[in-house]
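Tertiary structure, described
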Amino acid sequence: MGAAILGNLRQMEKITVGWLYADLMNIYGDRGNILTLLKRAEWHGLESRLVELGRGPSAEMDDIDLFFFGGGQDREQALIYDDLREHKQESLTKSVGDGAQILAVCGGYQLLGHYYQTADGARYDGIGLIDVKTEAGKKRFIGDVVVETSIAGMKPHTLVGFENHSGRTFLGPKAKPLGKVIEGKGNNGSDRTEGCVQGGIIGTYLHGSLLPKNPHLADYLIGNAVRRRGGASSLSKLDDSQELDAHDWVLGRAQRR
Amino acid sequence: MNVRKTAAVLAGKATGALSRVSGRGGGTTLPGDVARVIDPKILTRLTQDLTQGSIVITGTNGKTTTARLVSWLLEGAGHRVVANRAGANLIFGVTAAALNRAEAGGTLKADWGVFEIDEASLPRAVDEVQPRTTAVLNLFRDQLDRYGELESIAKKIERALGSLRQSAHVVLNGDDPRVAEIGLHLPNKPTWYGLEDRTVASKSLPHAADARTCPVCGASLIFDAVYVGHDGVYRCPNGHFERPKPDLAATHIELAGFDAVALTIDGTRIAMPLGGLYNSYNVLAAYAIARSVGLEASYVAERLRTFKAAFGRQERIDFRGRHLILVLSKNPAGFNETVRTAVELAHGQHFVIGLNDRKADGTDVSWIWDVDFEMLKGRAKSVIPAGVRAHDLAVRLKYAGVEAQRPQTDAAKALDLLIKTTNEGDTAYLLCTYTAMLDLRAELVRRGWAQPYWET
């Protein structure tokens, strides 16, 4: 097959990224995750499209290959709480069943679980897409995190980021940890797990932003999205030396401590 | 005479002298710590000595410049002013500033205290100094690891302003929706200020915008004009909430890079050597504060012409034939404005961007992804990522499509590279977080090109 035809075929591979509540759930530089997905898709020669999914119904929910769900401040989180149930839950459940992925960070991660219980015992139900529950803790976990990831075949096998949360998240049997904590606190500060993987859903407390300094995780998500669209089974190799320098800098500082 | 007060003042002063002699900095906060241990009420006692009273200025961005403008105005009118000039804006820094000016006997002989106060420290400052005028400049997302969420800061400020005595003035930036929301709940009507010039506004919010939902119904606010960050002219689509009509408005704004800004307030034309749209807000705030304490409009306009910027706020240093302009840029809203001013107004081509993650900078650097560094793309000739987190900046710039130099974590090497990438006569903009600025400046001092900051 000629290179020109191959080029045309590649152009057919179009992935659609959906940013849930881009205007309200974007507290910790979450835009970095979106920029990284779109830029890297472009560098891999893929066509990509971003859909911002605000409050209210959206006809485009079913087109999304990869959802991103970030964190918000309490005020904003309260504003999307009902909308999530009313306008997003059903399509998200259906899309994930059809092989779509979700990357959820911090507040988004908590809202995908069974519930969040506040310090005074009030319980806010999540949408239960992942088998995790979260309870408020006394002390906020703030600082660098280094995780050894459980996702097979990932190189490097570490993820780095920054956490800032008071929730303590515990995994049920259906959710597997995203990784083991080397530095930092992770899900709850006690069982050394960080984040979760359940089917096509990844939940995590890591921002920083997460994907720019972990290009291997970005490509893992993009690769899955491409395969869902019937595309090539592997992505081209990009020059990630700058991204990995930033990754290694965080690793190095963790080791010096 | 109060013995405890005198002892506290003496101990504080001795600490300040030691700190300067030992070369450990300008003694801008430690004397305050020491004096407060001996007399916890020392700040209240000292500020009670002021013949006129105190002015307190808070907000995310612009505190130092605005406080300096107000001091400049008061001093020019013959008042003796005590101010925490070096940006030491926690309660200890304010205490140290008052101590520094007190006489050995313990009396503070000054007319006005002009204090910039960290947002989170406002309740304590209001309680201890009982200001005559308190100004809130803006509330932007800043250092979430240190301050926590914007909402809790806003609530603290609201409670502090609510506790002010009846006769006190409150000056608020009505263009900032979160500041305006604070003003809704105050017992006394504040003085609102805002910009009224659509020619310098943009139509859409930058990525770093926050606090843009209606406090009543939660709907996203509609912006008819955006000036700086989320500051502009806004309204709730359901009619519950809108930008308060300014009591003092700046119109006919003219911007000349980092060199100058001209604007009209109350029919008075004011031109001053300080650049960027964000400084229009600082000038307007200083004007509103000056008017609240009785200074004449014509005097204010005349006096502002000769103002000199504070440390790291548009400071200019000549270095081996290059003109360096140092601009503190510490959060997304601030950074967007300094980049915009440097690129669009000043047509800057050479940049050092400095990012540190020490406590004073904020230990979480994820906010750099909310800064629109894309503005540099295709316009900047050389961009040097510098500071402790230079590698993170290099990645950010790569994804912004900006071709940058290799990241330099060492200040000396960053300056060497700047010399290599620029020619004599070039102007370079150093946009840095607080301690990244200190590091670069310390290197310039070491090479004999700048004065230590507490002497400026």
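Here the residue numbering is sequential within each chain, running from 1 through the sequence in written order. Going through the entries in the order they are written, you letter the chains from A and number the ligands from 1. With pLDDT at 70 or above as the cut-off, local features in this predicted model cover only qualifying residues; side-chain atom pairs require 80 or more to be listed or tallied, and sums for whole chains, interfaces and linings still use all residues.

Okay, the overall build of chain B next. Strands are runs of DSSP state E lasting at least 2 residues, helices are runs of H or I lasting at least 4, and numbering of each runs from the N terminus. Of regular secondary structure, chain B possesses 15 helices and 16 strands. A compact globule built from 456 residues should have a C-alpha radius of gyration of about 23 Å, and chain B, at 22 Å, falls within 12% of that. C-alpha extents for chain B along the principal axes are approximately 65 × 60 × 40 Å. Buried residues are those with 20 or more other C-beta atoms within 10 Å of their own C-beta, exposed residues have 12 or fewer, and partly exposed residues lie in between; C-beta atoms are placed from the backbone. Classification of the 456 residues of chain B by burial places 55% in the buried group. We call two residues in contact when their backbone-placed C-beta atoms lie within 7 Å. Summarising the internal contacts of chain B: among those between residues at least 6 apart in sequence, 70% fall at separations of at least 24. With C-alpha atoms as the basis for the radius of gyration, the globule rule is written as 2.2 Å multiplied by the number of residues raised to the power 0.38.

Predicted confidence across chain A gives a mean pLDDT of 92, with 95% of residues reaching 70 or more. pLDDT expresses, on a scale from 0 to 100, how confident the predictor is about each individual residue. Across residues 1–11 of chain A the pLDDT falls below 50, and counting only partners more than four positions away or on other chains, this stretch makes three contacts in the model.

On to the sheet that holds strand β10 (residues 260–265) of chain B. All names here are of chain B. If DSSP finds at least two bridges between two strands, the strands pair. What the nine strands build is an open sheet, ordered β2-β3-β1-β4-β5-β6-β9-β10-β11; its pairing is mixed. Lying at the two open borders of the sheet, with one neighbouring strand each, are β2 (81–83) and β11 (268–272). Shown here is a sheet whose adjacent strand axes are inclined to one another by a mean of 20°, direction ignored. Pairing of β2 with strand β3 (residues 112–116) involves three bridges; the strand directions are parallel. Of the residues in β3, the one forming a bridge with Val82 is Gly113. The axes are straight lines fitted to the C-alpha atoms, using for helices just the contacting stretch, and the angles between their N-to-C directions are given from 0 to 180°.

On to the domain arrangement of chain B. Residues and elements named next belong to chain B. Here the domain parsing of chain B yields domain 1 (3–304) and domain 2 (313–455). For domain 1 and domain 2, the distance between their C-alpha centres works out to 26 Å. Counting from both sides, the interface comprises 26 residues of domain 1 and, opposite them, 20 residues of domain 2. Going through the elements one at a time, α4 (63–76), α7 (144–147) and α10 (277–292) are the ones with two or more residues in the side of domain 1 that touches domain 2. Residue composition of the side of domain 1 that touches domain 2, grouped by class: 11 nonpolar, 11 polar and four charged. An automatic or database domain assignment provides the domain bounds reported here. When residue character is reported, Ala, Val, Leu, Ile, Met, Phe, Trp, Tyr, Cys and Pro are called nonpolar, Asp, Glu, Lys and Arg charged, and the others, Gly included, polar.

This part covers the sheet that holds strand β12 (residues 201–204) of chain A. Residues and elements named next belong to chain A. Within the open sheet, the six strands sit side by side as β2-β1-β3-β4-β12-β11. Their pairing is mixed. Whereas interior strands pair on both sides, the edge strands pair on one side only; in this sheet they are β2 (47–53) and β11 (196–198). Pairs of neighbouring strands in the sheet enclose a mean axial angle of 15°, with direction left out of account. The pairing of β11 with β12 spans three bridges and is antiparallel.

Once that is clear, we can look at the environment of Asp240 of chain A. Topologically, Asp240 of chain A is positioned in the loop between α5 (215–228) and α6 (241–256). Along the sequence, Asp240 of chain A and Lys213 of chain A sit 27 residues apart, while their C-alpha atoms lie 9.5 Å from each other.

Residue and element names in this part refer to chain B. Judged by nonpolar contacts, the single largest core of 109 residues is most densely connected at Phe351, Leu430 and Leu431. Apart from residues no more than four positions distant in its own chain, Leu431 is found in contact with Val327, Ser329, Phe335, Thr338, Val339, Ala342, Phe351 and Ile353. To form a nonpolar core, buried Ala, Val, Leu, Ile, Met, Phe, Trp, Tyr and Cys residues must be joined through C-beta atoms within 7 Å. Residues Leu50, Ala88, Val136 and Leu277 belong to the second largest nonpolar core, which totals 85 residues.

Our focus in this paragraph is the pairing of strand β8 (residues 158–171) of chain A. Residues and elements named next belong to chain A. Most of β8 sits inside the fold, with 12 of its 14 residues counted as buried. When strand β7 (residues 132–149) meets β8, the two strands line up antiparallel, connected through 13 bridges. Residue pairing across strands places Glu148 opposite Thr158, the latter belonging to β8.

Contacts between chain A and chain B engage 27 residues on the former and 22 residues on the latter. Put simply, the parts of the chain that give the side of chain A that touches chain B at least two residues each are α2 (31–43), α3 (74–97), β7, β8 and α6 of chain A. Within the side of chain A that touches chain B, the residues separate by chemical class into nine nonpolar, 10 polar and eight charged.

Note on placement: Leu79 of chain A falls in helix α3. On the basis of neighbour count, Leu79 of chain A is assigned to the buried category, with 21 C-beta atoms found within 10 Å. Taking the C-alpha atoms as reference points, Leu79 of chain A and Ala254 of chain A, 175 residues apart in sequence, are found 37 Å from one another. Filtering out sequence-adjacent residues up to four positions away, Leu79 of chain A remains in contact with Leu24 of chain A together with Thr213 and Gly218 of chain B.

Residues and elements named next belong to chain A. A cis amide bond, omega -5°, links Lys155 with the succeeding residue Pro156. Its place among the elements puts Pro156 in the loop between β7 and β8. Gly208 connects to Ser209 through a cis peptide bond whose omega is -15°. Among the structural elements, Ser209 can be located in the loop between β12 and α5. Its identity is not glycine, yet Arg192 carries a phi of approximately 60°, on the positive side. Within the element layout of this structure, Arg192 appears in the loop between β9 (179–183) and β10 (193–194).

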